[in-house]
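# Remarks on the overall topology
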Amino acid sequence: MATLAEPREATSDEAFREEVRAFLADHFPPELKGKGNALASVEGPTKEGPAEKAWREAMGSRGWGTPTWPKEYGGGGLSKAQTRILQEEMAKAGAWNPIGGMGVMMFGPTLLEYGSEEQKHEHIPPICRGEIRWCQGYSEPNAGSDLANLQTFAEDKGDHYVVNGQKTWTSGGQWADKCFAIVRTDRSDKHHGISFMLIDMDAPGVEVRPIQMISGMSPFCETFFTDVKVPKKNLVGQEGQGWTIGKRLLQHERTNISGGGAAARMMGANLSDLAKKYLELGDDGRIADAVMRDRIADFEIRWQAFLLTAKRAVEESKAAGGVSEISSVLKKLGTKLTQERSELTIEIMGLQGLGWEGDGFSESELGGVRAWLFGKATTIYGGSTEIQNNIIAKRVLGMLDHQ
Amino acid sequence: MAILNEEQEMLRDMAREWATNESPVAAFRKVRNEKPAEGYSTDAFATMAQMGWTGIVIPEEFGGSDFGWMSAGLVVEELGKTLTASPLVATTLAASVIVLGGSDEQKSMWLPKLASGEVVGTLAIDEGPRHGGKVTATVSSGKLTGTKAFVHEAHGATLFVVAAADGLYLVEKGEGVTMSDRKLTDQRSHAEVTFDGAAAERLADGGDDLLDKVLDRARILTSAEMLGMANQVFDVTLDYLKQRVQFNQVLASFQALQHRMADLFADLAMMRSAVESGLEALDGGYGIPRAACVAKAEANRALHAMSREGIQLHGGIGMTDEYDVGFYLKRARVLEASWGSSTYLKDRFANLAGY
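Residues numbered from 1 in each chain as written. Chains lettered and ligands numbered in written order. Predicted model: local features only at pLDDT ≥ 70, side-chain atom pairs only at ≥ 80, totals over all residues. Heavy atoms only, no water.

## Some words on the overall build of chain B
Each helix and strand counted, chain B has 11 helices and nine strands in total. The globule rule puts the C-alpha radius of gyration for 355 residues at 20 Å, and the 20 Å found for chain B is close to it. Principal-axis analysis of the C-alpha atoms places the extent of chain B at approximately 75 × 50 × 40 Å. Burial analysis of chain B (355 residues in total) assigns 57% to the buried set. (Helix = DSSP H or I, 4+ residues; strand = E, 2+ residues; numbered from the N terminus. Rg over C-alpha atoms; globule rule 2.2 N^0.38 Å. Buried < 20%, exposed > 50% of the residue type's maximum accessible area, 1.4 Å probe, protein only.)

## Comments concerning helix H7 (residues 210–243) of chain B
For H7(B), built from 34 residues, the straight-helix expectation of 50 Å at 1.5 Å per residue is met to within 8% by its first-to-last C-alpha distance of 50 Å. H7(B) sits mainly inside the fold: 25 of its 34 residues count as buried. (Expected span 1.5 Å × (residues − 1).)

## A short note on the domain arrangement of chain B
All names here are of chain B. Split into domains, chain B comes out as domain 1 (6–116), domain 2 (121–202) and domain 3 (210–353). Taking only C-alpha atoms into account, the centre of domain 1 sits 21 Å from that of domain 3. Taken together, the contact between domain 1 and domain 3 spans 22 residues of the former and 27 residues of the latter. Buried surface at the junction of domain 1 and domain 3, summed over both partners, amounts to about 2,100 Å²; 71% is from carbon and sulfur atoms. (Domains from an automatic or database assignment. Contact = heavy atoms within 4.5 Å. Buried area = accessible area lost by both parts, 1.4 Å probe.)

## With respect to the packing of H7(B) against helix H9 (residues 288–314) of chain B
Residue and element names in this part refer to chain B. Viewed as axis vectors pointing N to C, H7 and H9 meet at an angle of 25 degrees, and their least axial separation amounts to 8 Å. With respect to each other, H7 and H9 are oriented roughly parallel. Judged by the sense of rotation from one axis to the other, the crossing of H7 with H9 is left-handed. Across the contact of H7 with H9, the residue classes break down as 17 nonpolar, six polar and four charged. (Axes fitted to C-alpha atoms, helices over the stretch in contact; angles between N-to-C directions. Parallel < 35°, antiparallel > 145°, perpendicular 65-115°, else oblique. Left-handed = near helix turned anticlockwise from the far one by under 90°. Nonpolar A, V, L, I, M, F, W, Y, C, P; charged D, E, K, R; others polar.)

## Here's the deal with the nonpolar core
In terms of nonpolar packing, the biggest core is built from 143 residues, with Trp53(B), Phe195(B) and Met271(B) touching the most fellow members. Per-element tally for this core: the top contributor is H7(B), with 16 residues. In this view, Met271(B) contacts Met226(B), Leu227(B), Ala230(B), Glu298(B), Ala299(B), Ala302(B) and Leu303(B); residues no more than four positions away in its chain are not counted. Counting 28 residues, the second largest nonpolar core, distinct from the first, contains Ile99(A), Leu150(A), Phe180(A) and Leu198(A). (Core = buried A, V, L, I, M, F, W, Y, C linked by side-chain atoms within 4.5 Å.)

## Comments concerning the side chain of Arg302(A)
With respect to the helices and strands, Arg302(A) occurs in helix H10 (residues 290–320). In this structure the side chain of Arg302(A) is engaged in a polar contact, spanning 2.5 Å, whose partner is the side chain of Glu340(A). Excluding its chain neighbours within four sequence positions, the residues that come into contact with Arg302(A) are Lys336(A), Leu337(A), Glu340(A), Met270(B), Glu298(B) and Arg301(B). (Polar contact = N/O pair within 3.5 Å; in protein donor to acceptor, adjacent residues only side chain to side chain.)

## What about the interface of chain B and chain A?
Contacts between the two partners involve 38 residues from chain B and, on the opposite side, 38 residues from chain A. Summing the contributions of chain B and of chain A, the shared interface buries around 3,200 Å²; its carbon and sulfur component is 64%. Broken down residue by residue, the surface that chain B buries against chain A is led by Met270(B), Lys346(B) and Tyr355(B), which jointly contribute 23%. A salt bridge links Asp294(A) to Lys346(B); the shortest N-O distance between them is 3.2 Å. Linking chain B with chain A are 17 residue pairs in polar contact (both at pLDDT 80 or more). (Salt bridge = Lys/Arg side-chain N within 4 Å of Asp/Glu carboxyl O.)

## Observations concerning unusual backbone geometry
One non-glycine residue, Asp227(A), lies in positive phi territory at about 50 degrees. Within the secondary structure, Asp227(A) is located in strand S7 (residues 220–231). Even without being glycine, Asp66(B) reaches a positive phi, approximately 55 degrees. By secondary structure assignment, the location of Asp66(B) is in the loop between helix H3 (42–50) and helix H4 (69–81).

## Remarks on the environment of His131(B)
Residues and elements named next belong to chain B. Looking at the secondary structure, you find His131 in the loop between strand S1 (121–124) and strand S2 (138–140). At 2.9 Å, the side chain of His131 forms a polar contact with the side chain of Asp126. Engagement of the side chain of His131 in a polar contact is seen with the side chain of Arg219, the distance being 3.0 Å.

## Topic: empty space enclosed by the protein
A probe as big as a water molecule, rolled over the atoms, marks out the empty space that is left. Residue and element names in this part refer to chain B. In this structure the tally under the stated criterion is five cavities of 30 Å³ or more. Of the pockets and cavities examined, the largest cavity occupies roughly 210 Å³. Along its surface, the largest cavity is lined by 19 residues, and Val89, Ala90, Arg188, Glu225 and Arg331 are the ones closest to its centre. Listed by contribution, the elements that provide at least two residues to the lining of the largest cavity are H4, helix H5 (88–101), S1, H7 and helix H10 (325–337). A total of four residues in the lining of the largest cavity trace back to one element, the largest contributor, which is H5. (1 Å grid on protein atoms, 1.4 Å probe; cavity = no way out; pocket = protein on both sides within 12 Å on 5 of 7 lines; lining within 4 Å. Points joined across faces, edges and corners; volume = space filled by probe spheres on them.)

## Digging into the pairing of strand S7 (residues 190–202) of chain B
Residues and elements named next belong to chain B. Here strand S3 (residues 143–152) pairs with S7 via eight bridges, running antiparallel. Looking at the pairing, Gly146 lines up with Phe195 of S7. Of the strand pairs in this sheet, strand S5 (residues 167–172) and S7 are connected by three bridges, and their pairing is antiparallel. Paired with Leu170 across the two strands is Glu201, which belongs to S7. Here five bridges tie strand S6 (residues 177–181) to S7, and the two strands are oriented antiparallel to one another. Looking at S7, one finds that Ser180 is bridged to Glu192. (Pairing = 2+ DSSP bridges.)

## Re the pairing of strand S5 (residues 194–200) of chain A
Residues and elements named next belong to chain A. A large share of S5 lies buried, amounting to six of its seven residues. As paired strands, strand S4 (residues 178–184) and S5 are joined by seven bridges and run antiparallel to one another. Within S5, the position partnered with Ala181 by the bridge is Met197. Both S5 and strand S8 (residues 235–236) contribute to a ladder of two bridges, which runs antiparallel. Along S8, the bridge assignment pairs Phe196 with Val236.

## Describing the packing of aromatic side chains
For any pair of aromatic rings, the description rests on two quantities: the centre-to-centre distance and the angle between the ring planes. Residue and element names in this part refer to chain A. Counting across every chain of the model gives 21 aromatic pairs over all chains. For the ring pair Phe180 and Phe196, a centre distance of 6.3 Å and an interplane angle of 10 degrees mean the geometry is stacked. Separated by 16 residues along the polypeptide, Phe180 in strand S4 and Phe196 in strand S5 bring together distant segments of the chain. Each member of the pair, Phe180 as well as Phe196, carries the same accessibility label: buried. (Phe/Tyr/Trp six-rings, centres within 6.5 Å; stacked < 30°, edge-to-face > 60°.)

Next up, the structure:
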């Protein structure tokens, strides 16, 4: 039986590859090659032309933007092997995934785990089609690292809740359609008094104010809730289960941030190529500044070790079934190294790497400065490095609570 | 942890059980105190050979198991945890040179004996205290002349793989080979070996980069030993922090210490990824030079930090000979300096990457 099954599997993989190629040939507009709006989740509203829209709809209707999610909720229902084939073929064609954002990275996986059938059928398909943008209602002015100190309150009014309070650092809040939020339903119990609920951003009483950051960008907002009505069907899990669900979502968030995330993508060029462009070279083609050369190699070796660690975590989590507490290690390492890389880039470029505006700077130089500044957020949001250290020490290493 | 096959899991479990029960740090302590001529317990090494560990990278036709480098690394890692004094790394590397560059005759002559443990081999490459200096040893009419510094496991070895200006040679212990002790802080076997017209046979079949290939293997297998050491220091230190009480609370409850352990834990994760990727590269036969740089550079960095913090976090008790943690510090520095210091490896990495 096994001998029969193997070639059949191979044949179907080959057939799938053909299917993907045909799909890409029919639907991927060549003018979008290599464009990809990797920053869609933080940069702003997707500036979608007709070609982008058609491409999103084509991918969305197949569920291939969320390839491994179940078909019954609009996902691709693909195996890991098929997903790899899809990614390979897309890369070959210069195609990119138009479906993204927090719905895909964080909320969707969490709802698939904790949501009711009704909630999954309502919320997952629009995510798969890239129609709905989600934002995260977590932090508050007095609940940053001490997230469980959140005070936004949802009062039980029978068939609905009435929510009052303030969230902050709401990434992309000004462009989002819906918000997954953790709110207090019981003031007597810090952790078990928290519930996870879904709030429409256009509901009466929701007000959003963008915050201008040191990078000059406004990717985050303050979000105010004044007597906002939230139907009971928007409660995910049980009342009081919000901290458990909310933490699970954070594991997904960390995994996403650790890859370097937006900042790494904005950095662009390879560090050593950049160095060869901006620094003096010796006759042998080496970077003449031996100290700088050593520091670049030092960084590149550690970056390599980090990428290998991220790869290893994926392989190992396959066995363990999903994201794990190693996500704290990856988040801590990935964000630190990405910042280090950014600092090194600026140092390599000298003052040319600190341009704010004007024709004297290339687009990538200006982008590098914004990325360097924006990147400072990565060790703060999604649970600061200090919080990750607490998680590693207590949950992974079994060291006792310091409080 | 890399995804292992069943064979590898069994081998690792066997090595772990043996090292824990038969070769704990107390066994190293005994070797240190009793000072056997070879620098290790020959009985223990004979047992290791019987278990097949000396033949892991040797093809089956020459008496080995050909289990591969990942397997060799797993055993070496376990032995590193307990600081087992043995020439396993040295003799495995010597065997690998013959596999790569020996003639059929040389393979038939030496590999079965290396696999069985009857012959112990070692590398004699560097001529100074820092790796990567000029090789000046010369050979004329099959006689090799030169002096090699700090040869690992020289006292138990009967076969030397010697680097000369024009390639690698096999030299048997005997006429024209003399050695003088160079006792290092790790209390293991190191000696300056002088070859004065010693009979030498060239390893002619390995190509021009045979020496580089051997050094890459040395870097990767050494980093596996360092991985075991770093993990053990981490575990022992963590246990200590959970037991030691000051100010009426265990040290593990202090956040300043928790965060340092979290940093070290992350370092260990990167070190393991780098070392395993080096072993995988050897088994897969691709990207070896870069993988070797990454493996040993990360091993150097992480073990250096771990061995320092291990002492500091133990406090005064860590400074005593009675506690094991100091042994790891001393062995760590010897291995860091062997086959490439961090600066050497970074220079090599940059050269390989073309900058």
